[in-house]
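# Summary of structural features
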Amino acid sequence: MRKIGKQEIEDMAVGAALLGTGGGGDPYIGKLMALQAIEEYGEVTLLEVDEVPDDALVVPSSMMGAPTVMLEKAPSGEEAISAFKQLEEYLGKKIFGTFPIEAGGVNSMLPFALAARLGLPVIDVDGMGRAFPELQMVTFYLDGISATPAIIADEKGNTALLSTVDNVWTERIARAATIQMGGSVMNAMYSMNGKNLKDSGITNILKLEEEIGKSIRLAKENNVNPIEKVLETVGGFELFKGKVSDINRKTETGFARGVATFEGLYENKGETLQLRFQNEHLIAQTENRLLCVTPDLIAVLDAETGLPITTEGIRYGARCVVIGIPCHPKWRTEKGIATVGPKYFGYEVDYVPVEDLAKKGVTL
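Residues numbered from 1 in each chain as written. Predicted model: local features only at pLDDT ≥ 70, side-chain atom pairs only at ≥ 80, totals over all residues. Heavy atoms only, no water.

## Regarding the state of the cysteines
Here is the idea: a disulfide is a covalent bond, and it sits between the sulfur atoms of two cysteines. Under the counting rule described, the total for this entry stands at zero disulfides. The thiol of Cys292 is unpaired, and the distance to the nearest cysteine sulfur, on Cys327, comes to 8.8 Å. Since its relative accessible area comes to 0%, Cys292 is described here as buried. There is no disulfide at Cys320, and the cysteine sulfur nearest it, in Cys292, is 16 Å away. (Disulfide = S-S within 2.5 Å. Buried < 20%, exposed > 50% of the residue type's maximum accessible area, 1.4 Å probe, protein only.)

Written as structure tokens, this is what we have:
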């Protein structure tokens, strides 16, 4: 148990944006929401997962929708409170604590904003170890935990209670409702007890985010290469150095979808990299090489500062370094690959771990 203040939030927001693999929402907006809540209500208690009682009711707090929408429609925080209060009323039990559903610029920060306002602890665990675009893409789904009952809430005061036959149907129905509610909503779903969380969650994700952000901050202060420090912290691999030569991005079916193209620089001169994304980066490939593919993490970093760049933040002419990071072992299981592997998203390639691609590569 420890208290989380402003500096910890600053560092976590940077690390969350990196682990969010381009998605998970605008890190600046998420950071501001958390900082404002801590300024007003005080520091938030962060618990290790082992400190949660087995029978305690715990619920992640998160936003769903297209990250591009948040650039014009930032959440107020009231939506999350409304969703939590209605879920408590439906379940007839008080929520003990909250945690991020995924690592992402907004979705790692929202639990702190909500917890500060409601006087709840945040638990150092999530359901992905990164960010994914759909609701069923969590380790809780792999372990048979239901997403419903679920509450979704928008900024206008609309709420909806969902009870579905499985978590894929939760995604379908909630996504359709989200589009009608303006493209983004706050939700309270995947309620579970402490034992479920200990068995199924990915632990110490907030600690890792903080370490990543701190490594970038200290590298800048000490005038050392921040990208090297990031790679050391996450056990990642440098995939490509280049300049953004084209970005094709649109919001459709409730997602930010597109392709970012990079012209190679330095040792990658003469090559062209394409990153395809659906909120999050899913596949990185050149004309003849596969560099990284979901569920492993693909992150775009500013070549000078080492700061992560989200899919909605990619700009023409930016000089970047693209890195790959091994995913949590749960995603490398048969069910994990079926749920979030390349073929689920329509890419006709087999999953190959990024560490194997870094050693020998795969020719397309």
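## Describing empty space enclosed by the protein
In this structure the tally under the stated criterion is two cavities of 30 Å³ or more. In this model, the largest cavity occupies a volume close to 220 Å³. For the largest cavity, the lining is made up of 22 residues, of which Met63, Met64, Glu102, Asn107 and Phe132 are closest to its centre. Per-element tally for the lining of the largest cavity: the top contributor is strand β3 (residues 57-65), with four residues. When its residues are assigned to classes, the lining of the largest cavity shows eleven nonpolar, seven polar and four charged. (1 Å grid on protein atoms, 1.4 Å probe; cavity = no way out; pocket = protein on both sides within 12 Å on 5 of 7 lines; lining within 4 Å. Points joined across faces, edges and corners; volume = space filled by probe spheres on them. Helix = DSSP H or I, 4+ residues; strand = E, 2+ residues; numbered from the N terminus. Nonpolar A, V, L, I, M, F, W, Y, C, P; charged D, E, K, R; others polar.)

## A word on unusual backbone geometry
A cis amide bond links Thr148 with the next residue in sequence, Pro149, at an omega value of 10 degrees. Structurally, Pro149 can be placed in the loop between α6 (139-142) and β7 (150-153). Each neighbour pair has its own omega, and for Thr294 with Pro295 the value is 15 degrees, a cis peptide bond. With respect to the helices and strands, Pro295 occurs in the loop between β16 (289-293) and β17 (297-302). For Thr21, which is not a glycine, the phi torsion comes out positive at approximately 50 degrees. Positive phi values are uncommon outside glycine, yet Asn279 reaches one of about 65 degrees. The buried category is assigned to Asn279, whose relative accessible area is 4%.

## What about helix α2 (residues 27-41)?
Spanning 15 residues, α2 covers 21 Å between terminal C-alpha atoms, matching the ideal 21 Å at 1.5 Å per step. For α2, every residue scored as buried is listed here: Ile29, Gly30, Lys31, Met33, Ala34, Leu35, Ala37 and Ile38. Of the residues one or two after α2, Gly42 is the one with positive phi, at around 105 degrees. (Expected span 1.5 Å × (residues − 1).)

## So, the pattern of salt bridges
Applying the stated criterion across every chain yields a total of 21 salt bridges. Here Asp154 ties to Lys156 by a salt bridge, and the two come within 3.5 Å at their closest N and O atoms. Assessed through its relative accessible area of 4%, Asp154 is described here as buried. Since its relative accessible area comes to 53%, Lys156 is described here as exposed. For Lys156, the salt bridge identified is with Glu155, shortest N-O distance 3.1 Å. Taken together, the salt bridges that share partners define one network made up of Asp11, Arg217 and Glu221. (Salt bridge = Lys/Arg side-chain N within 4 Å of Asp/Glu carboxyl O.)

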